[in-house]
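Below, each chain spelled out in residue letters.
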There are 2 protein chains.
Amino acid sequence: MKTYHVAIVGATGAVGTELLRLLEVREFPVASLRLLASERSAGRTLPFRGQSLVVERLDANAFENVDIAFFSAGASRSRDFAPLAVRSGALVIDNSSAFRMDPAVPLVVPEINPEDICLHKGIIANPNCSTIILLMALAPLRKLAPIRRVVVSTYQAASGAGAQAMAELIEQTGDVLREKPIVPRVFPYPIAFNLFCHNTKIDETGYNEEERKMIFESRKILHDPHLKVTATCVRVPVVRAHSESVNVEFAPGTRPSLEEARKALEAFPGVALVDNREANHFPMPIEASGRDEVLVGRLRYDLSNENAIDLFVSGDQILKGAALNALQIAEWWIKEGSQHA
Amino acid sequence: MKTYHVAIVGATGAVGTELLRLLEVREFPVASLRLLASERSAGRTLPFRGQSLVVERLDANAFENVDIAFFSAGASRSRDFAPLAVRSGALVIDNSSAFRMDPAVPLVVPEINPEDICLHKGIIANPNCSTIILLMALAPLRKLAPIRRVVVSTYQAASGAGAQAMAELIEQTGDVLREKPIVPRVFPYPIAFNLFCHNTKIDETGYNEEERKMIFESRKILHDPHLKVTATCVRVPVVRAHSESVNVEFAPGTRPSLEEARKALEAFPGVALVDNREANHFPMPIEASGRDEVLVGRLRYDLSNENAIDLFVSGDQILKGAALNALQIAEWWIKEGSQHA
């Protein structure tokens, strides 16, 4: 079997460490693995297949002989170094927002638009986490009927803001319980027992950056430039799974039955239906955490619109929202895509 | 000045104790105060105006000489005892769901439909907390243009399930941080670092009871039987303020400007506008907690619908969501309504 020289940029972050773990447990055909990070983290060691790998400093020469480079170190690091990696001959799978809306860069959820992988020119973008989790619920429904408009409100975990944000949630919550004064460091506002508008810039339309990602990345991934989406992205005191309350409006007269919708969701790879009305058991972040599948449920006909269905979704932000999706892109590429290259 | 003999049923609960505090700080004209609760709480003492009042057991004779009885002890207690209180000559202000949808019982938010107070036949119902908080944001906008449809997703605090639920959130969170095993008691699922569908019965439509309250109580309070509402009610690990992500659709061609909407919200009694895009500062439960006003902000034109506006609301569930609204009903009645009696 062919094996690959792999690099992880941002190896010590929340997504990087999860990628490292997934490369091992999913038995990715790794010939060699290079862990790259900032100066600050260089020299640390991380375990991989029973060995200790030393984290190296990211620099322009780091991608020599690398076949596949996973980037998860922020947009500016990707903008600076991904083109260098491509020039060295690596396939870049970029978890940042740097290239997602670049028309020359495929933006891929492998269960939804894997064929776009073949169009890459060296970089494949991994979508925003909330967008991936939303689309995993929408894609199966979209096979049943055309979706016209989506109204989504999110309940987003601390993990989306990185490992330090997760630590802040835990530590700050302990401080609040001990009645110690708190000073937010990672988030702009207290996250313990609180929630707030997603901590990204608000533009002149009033939408924050996370909401704009959900609107525009959804259109690109689904190849549906007319899809109407409004999103309200909210950070909640949850550790690592995002949840979303979703109102899906279909083209007039085409709304599928709940039975059809449930069947389509159950049959879709990467989705688990959690929809038990009797037990009031629906998707919850603690049950989505650590799971590969995105949990979808609470399906019901919208009483306010005869063309719409309401549903609720929870998905692990670090897994399907980031590291797992990135790795699935690489898996698809080495299995299917490289034959088209 | 006329003074009143007042009773609180459920005096030891989260809403009851807040009512007691508000009667004092708002200088309600109390001639005498009777604190009523179940057998279990009888004999406890609670402070009022520098005195210690003994909690008495609720029974059929408890309402002798009572002018105004606040009920906040659950729907079955209200069904059993509110008619007895009325027969004794008391005005009942009921915080439970028992009579809210009874056509003979006014359902009142004093800033919105105070005139309905005069139609009472002994009982005035205090609306569901999430409904009050939603309508405080909608009522000012409704003066600008007709509202056709509302899509709302809630972020509801533990307090809505009572004092024991608030204690469970705090204790369970501490246990999770100490890595102690947890066993949910009040809520059906862990609430620490988690969220779930509101813990009320799901009916055959798939909506939970809280969502049905938001749909049907909104129509009654606004006297708008055609108002279309879909709601997704979610419990989050927040102590005592509910938040709501609201998409408001106006009649075609009538959407007000954001400037008009902000002005209308600012001018509305009981609403505080919190809408600072530069600072990403919008309504948050920790800032709504302990405040009489419902915080409204994040106003923006819905990019998916030219007739809609998105906004976000946070309101103290125990104050405007329950005790304060109930007391405001009584205040309005003794100031204005009793002249119509």
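Reading guide: rules and limits
Numbering of residues starts from 1 in every chain and runs along the sequence as written. Working convention: letters from A go to chains and numbers from 1 go to ligands, in the order in which they are written. A pLDDT threshold of at least 70 governs which residues receive local features in this predicted model, and a stricter bar of 80 or more applies before side-chain atom pairs are shown or counted, although totals over entire chains, interfaces and linings include all residues. Values reported for side chains reflect all heavy atoms of the structure, with hydrogen atoms and water molecules removed beforehand. Working definition: helices are DSSP H or I runs of at least four residues, strands are E runs of at least two. Numbering for both runs from the N terminus. In this treatment the radius of gyration is a C-alpha quantity, and the globule benchmark scales as 2.2 Å times the residue count to the 0.38 power. When a residue's accessible area, from a 1.4 Å probe over protein chains only, is under 20% of the maximum for its type it is buried; when over 50% it is exposed; and in between it is partly exposed. Whether two residues touch is decided by their heavy atoms; if any such pair falls within 4.5 Å, the residues are in contact. We get accessible surface area from the Shrake-Rupley algorithm with a probe of 1.4 Å; when it comes to residues, only the shown protein chains can shield them. Just to be clear on terms, a salt bridge is a Lys or Arg side-chain nitrogen sitting within 4 Å of an Asp or Glu carboxyl oxygen. UniProt positions are given in the numbering used here, feature names are shortened, and annotations may be inferred rather than shown by experiment. Residue types Ala, Val, Leu, Ile, Met, Phe, Trp, Tyr and Cys, when buried and joined through side-chain atoms within 4.5 Å, form a set referred to as a nonpolar core. Note: two strands are recorded as paired if DSSP finds a minimum of 2 bridges between them. Angles here are taken between N-to-C directions and fall from 0 to 180 degrees, while the axes themselves are lines fitted to C-alpha atoms, restricted in helices to the stretch in contact. Note on residue categories: nonpolar means Ala, Val, Leu, Ile, Met, Phe, Trp, Tyr, Cys or Pro, charged means Asp, Glu, Lys or Arg, and polar means any other residue, Gly included. Between the first and last residue of a helix there are one fewer steps than residues, each counted as 1.5 Å, and that sum is the expected span. Between 30 and 60 degrees the pair is tilted, below 30 it is stacked and above 60 it is edge-to-face, where a pair is any two Phe, Tyr or Trp rings, Trp via its six-membered ring, whose centres lie within 6.5 Å. An angle below 35 degrees is read as roughly parallel, one above 145 as roughly antiparallel, one from 65 to 115 as roughly perpendicular, and any other as oblique. If you view the pair so one helix is near and one far, a crossing is left-handed when the near helix is turned anticlockwise from the far one by less than a right angle, and right-handed when it is turned clockwise. Counted as a polar contact is a pair of N or O atoms within 3.5 Å, where, for protein atoms, one must be capable of donating a hydrogen and the other of accepting one, and residues adjacent in sequence contribute only when both atoms are in side chains. Domain start and stop points were drawn from an automatic or database domain assignment. In this description, buried area is defined as the sum, over both parts, of the accessible area (probe of 1.4 Å) that is lost when the two are combined.

Here we take up the overall build of chain A. What chain A contains, in helices and strands, is 8 helices and 16 strands. Against the globule reference of 20 Å for 341 residues, chain A gives a C-alpha radius of gyration of 20 Å, in line with a compact fold. With the C-alpha coordinates aligned to their principal axes, the bounding extent of chain A is approximately 60 × 60 × 40 Å. Considering chain A as a whole, with its 341 residues, one finds that 62% of them fall into the buried category. The long-range fraction of contacts in chain A, counting pairs at least 24 apart against all pairs at least 6 apart in sequence, stands at 65%. Here chain A has roughly 12,900 Å² of accessible surface; of this, 50% comes from carbon and sulfur atoms.

With that out of the way, let us pick up the pattern of salt bridges. Enumeration according to the criterion identifies 41 salt bridges over all chains in this entry. Of the charged contacts, one joins Glu211(B) and Arg298(A) as a salt bridge, the two residues approaching to 2.4 Å between their closest N and O atoms. Of this pair, Glu211(B) sits in helix α5 (residues 209–222) while Arg298(A) sits in strand β15 (residues 294–301), which puts the two residues in different chains. In this pair, the class of Glu211(B) matches that of Arg298(A), namely buried. For Glu211(B), the salt bridge is made with Arg300(A), and the minimal N-O distance between the two is 3.8 Å. Separated into two different chains, Glu211(B) in helix α5 and Arg300(A) in strand β15 make up a pair that spans both. Glu211(B) sits in the buried class, given a relative accessible area of 0%. What emerges from the salt-bridge pattern is a single network uniting Glu18(A), Arg21(A), Arg240(A) and Asp316(A).

This part is about the UniProt feature "domain: Semialdehyde dehydrogenase NAD-binding" (unreviewed entry) in chain A. Residues annotated in UniProt with the feature "domain: Semialdehyde dehydrogenase NAD-binding" (unreviewed entry) correspond here to residues 5–120 of chain A. Secondary structure across residues 5–120 of chain A divides into 22% helix and 27% strand, with the first and last C-alpha atoms of the span separated by 19 Å.

This next bit is on the nonpolar core. Counting 58 residues, the largest nonpolar core has Phe63(A), Phe71(A), Ile112(A), Val246(A), Val296(A) and Leu311(A) as the members making the most contacts within it. In terms of residue count, the dominant contributor to this core is helix α3 (residues 129–142) of chain A (9 residues). Ala125(B), Ala231(B), Val296(B) and Leu299(B) belong to the second-largest nonpolar core, a separate cluster that totals 57 residues.

Turning to the sheet that holds strand β15 (residues 294–301) of chain B, a few remarks are in order. Residue and element names in this part refer to chain B. Strand order in the open sheet made by the 6 strands is β11-β9-β13-β16-β15-β14, with mixed pairing throughout. Both outer strands of the open sheet, β11 (228–232) and β14 (271–273), are each paired with one neighbouring strand and no more. Averaged over all adjacent pairs, the angle separating strand axes in this sheet is 25°, with direction ignored. Sheet analysis places strand β13 (residues 241–250) next to strand β16 (residues 308–316), joined by 9 bridges and oriented antiparallel.

On to the interface of chain A and chain B, then. Facing 62 residues of chain A, the contacting portion of chain B comprises 62 residues. One can count 6 salt bridges joining chain A with chain B. When the shortest N-O distance is used, the salt bridge between Asp302(A) and Arg149(B) registers 2.7 Å. Considering only residue class, the side of chain A that touches chain B consists of 31 nonpolar, 20 polar and 11 charged.

Here we come to unusual backbone geometry. Phi is positive for Glu27(A), close to 50°, though the residue is something other than glycine. As for its placement among the helices and strands, Glu27(A) is situated in the loop between α1 (14–25) and β2 (30–37). Residue Glu27(A) is classed as exposed on the basis of its relative accessible area of 66%. Of note in this structure, Glu179(B) is not a glycine but carries a positive phi near 60°. You can see Glu179(B) is positioned in the loop between α4 (163–177) and β10 (196–197).

Here we take up the sheet that holds strand β14 (residues 271–273) of chain A. All names here are of chain A. Taken in spatial order, the 6 strands line up as β11-β9-β13-β16-β15-β14 in an open sheet, and their pairing is mixed. Each edge of the open sheet is held by one strand with a lone partner, namely β11 (228–232) and β14. On average, adjacent strands in this sheet sit at an angle of 25° to one another, irrespective of strand direction. Sheet topology places strand β9 (residues 147–155) next to strand β13 (residues 241–250); 8 bridges connect them, and they run antiparallel. Bridge pairing in β13 places Tyr 155 opposite Ser 243.

Turning to helix α1 (residues 14–25) of chain B, a few remarks are in order. Residue and element names in this part refer to chain B. When the terminal C-alpha atoms of α1 are compared, their 17 Å separation across 12 residues agrees well with the 16 Å that a helix rising 1.5 Å per residue should span. Turning to α1, its buried residues number three or more, namely Ala 14, Val 15, Gly 16, Glu 18, Leu 19, Leu 20, Leu 22 and Leu 23. The secondary structure elements touched by the buried residues of α1 are β1 (4–9), β2 (30–37), β3 (45–48), β6 (68–71), α4 and α8 (319–335). One or two residues past the end of α1 sits Glu 27, with phi positive at roughly 50°.

With that settled, the discussion passes to the packing of aromatic side chains. Counted by the stated rule, this structure contains 9 aromatic pairs over all chains. In textbook terms, an aromatic cluster arises when at least three aromatic residues are bridged by ring pairs, as seen for Tyr155(A), Phe312(A), Tyr155(B) and Phe312(B).

Taking 1.5 Å as the rise per residue, helix α8 (residues 319–335) of chain A with 17 residues should run 24 Å; its terminal C-alpha atoms sit only 21 Å apart, a clear shortfall. Among the 17 residues that make up α8(A), 15 are buried, leaving the element largely enclosed by the rest of the structure.

Our focus in this paragraph is the packing of helix α4 (residues 163–177) of chain A against α4(B). Where α4(A) meets α4(B), the axes come as close as 10 Å, and the angle between the chain directions of the two elements is 130°. Looking at the two axes, α4(A) sits oblique to α4(B). As α4(A) runs across α4(B), the sense of the crossing is left-handed. Seen from α4(A), the contacting residues are Ile170(A), Thr173(A), Gly174(A) and Leu177(A); seen from α4(B), they are Ile170(B), Thr173(B), Gly174(B) and Leu177(B). Broken down by class, the residue content of the contact of α4(A) with α4(B) amounts to 4 nonpolar, 4 polar and no charged.

This part takes up the environment of Thr154(A). Tracing the sequence through the fold places Thr154(A) in strand β9. A sequence separation of 158 residues divides Thr154(A) from Phe312(A), and the C-alpha atoms of the two residues are 9.8 Å apart. With residues near it in sequence (within four places) discarded, Thr154(A) still touches Met214(A), Thr232(A), Cys233(A), Val234(A), Ser243(A), Glu244(A) and Tyr155(B). Within the local environment of Thr154(A), its side chain forms a polar contact with the backbone nitrogen of Val234(A), the two atoms lying 2.9 Å apart.

What follows is about the domain arrangement of chain A. Interfaces are often sized by the accessible area lost when the parts come together. All names here are of chain A. Assigned domains within chain A: domain 1 (4–127 + 322–339) and domain 2 (131–317). The C-alpha-based centres of domain 1 and domain 2 are spaced at 25 Å. Interface area, domain 1 with domain 2, both sides summed: about 1,600 Å², of which 63% is carbon and sulfur. Of all residues in domain 1, Met 101, Glu 111 and Ile 112 give up the largest surface area on contact with domain 2, accounting jointly for 30% of the area buried on that side. Inspection of the region where domain 1 meets domain 2 yields 3 salt bridges.

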